[in-house]
Amino acid sequence: MSWIEIDPPQPNEFDPYYASYIDRVEGKQLSRILRQQRARVLELLSSLSEGQAGYRYASDKWSIKEVLGHLIDCERVFVYRAMSIARGEEQSLPGFDQDAYVVTGGFDDRSVADLAREYETVRNASLSFFESLRPETWLAKGRANDVTVSVRAIGYIVPGHEAHHLAVLEERYLGGV
């Protein structure tokens, strides 16, 4: 299999808020990284009971299911932004309220297996999209949430955001389940 190999984005390609996510991405082979994450998340989910997946480390924090739902929602939003920018969208794309999405997402009402299937479907769609891009398209820039962002920055934000949340799961959740 050939891997997408993309240099990391330059600071003028993303809002500084995303730097910590981008910095978490090790290497340039984005499709390999996305596939490895997919395997890791699916393995983690298959090891959890329904009760464990409902665990919260504090009453005001998301459950493991809600963290997974957040990852699914954010990946959809990020890749939609990348697709829109890649296709030449000139309008600024809207932001979103991650907390409101989790509240209305109903993730705790779903089974771990169902969430795992949706996660895998979304990740596979993201891989298909990223793997379809021409080299020059990765450099396209647009506006999302009123800031400039490139397609390649989003390509790094997706796995970096997930790496951040996987670290939080390991540090704050998995020891308590």
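Up top is the structure.
Rules behind the numbers
Residues numbered from 1 in each chain as written. Predicted model: local features only at pLDDT ≥ 70, side-chain atom pairs only at ≥ 80, totals over all residues. Heavy atoms only, no water. Phe/Tyr/Trp six-rings, centres within 6.5 Å; stacked < 30°, edge-to-face > 60°. Core = buried A, V, L, I, M, F, W, Y, C linked by side-chain atoms within 4.5 Å. Buried < 20%, exposed > 50% of the residue type's maximum accessible area, 1.4 Å probe, protein only. Helix = DSSP H or I, 4+ residues; strand = E, 2+ residues; numbered from the N terminus. Salt bridge = Lys/Arg side-chain N within 4 Å of Asp/Glu carboxyl O.

1. Describing the packing of aromatic side chains
As enumerated under the stated definition, the model contains nine aromatic pairs in all. Both rings, one in Phe-130 and one in Trp-138, keep their centres 5.5 Å apart while their planes meet at 25 degrees; by these two values the pair is stacked. An aromatic cluster is present here, built from Tyr-17, Tyr-18, Tyr-21 and Phe-78 joined pairwise through their rings.

2. What to know about the nonpolar core
Counting residues in hydrophobic clusters, the biggest one holds 30 residues, and the most contacted among them are Phe-130 and Trp-138. Of all the elements in the fold, those that place two or more residues in this core are helix 1 (19–22), helix 2 (30–46), helix 4 (64–86), helix 6 (112–132) and helix 7 (151–173). With 21 residues, the next largest nonpolar core counts Val-41, Leu-115, Tyr-119 and Leu-166 among its residues.

3. Here's the deal with the pattern of salt bridges
All chains considered together, the criterion is met by 14 salt bridges. Notably, a salt bridge pairs Arg-40 with Glu-170, separated by 2.1 Å at the nearest N-O pair. Placement of the pair is Arg-40 in helix 2 and Glu-170 in helix 7, with a sequence separation of 130 residues. A residue is classified by how much of its surface remains accessible, and Arg-40, at 38% relative accessible area, is partly exposed. The partner of Glu-118 in a salt bridge is Arg-110, with the nearest N and O atoms 2.6 Å apart. Note on Glu-118: relative accessible area 18%, which makes it buried. A single network of salt bridges, built from pairs that share partners, joins Arg-76, Arg-110, Asp-114, Arg-117 and Glu-118.

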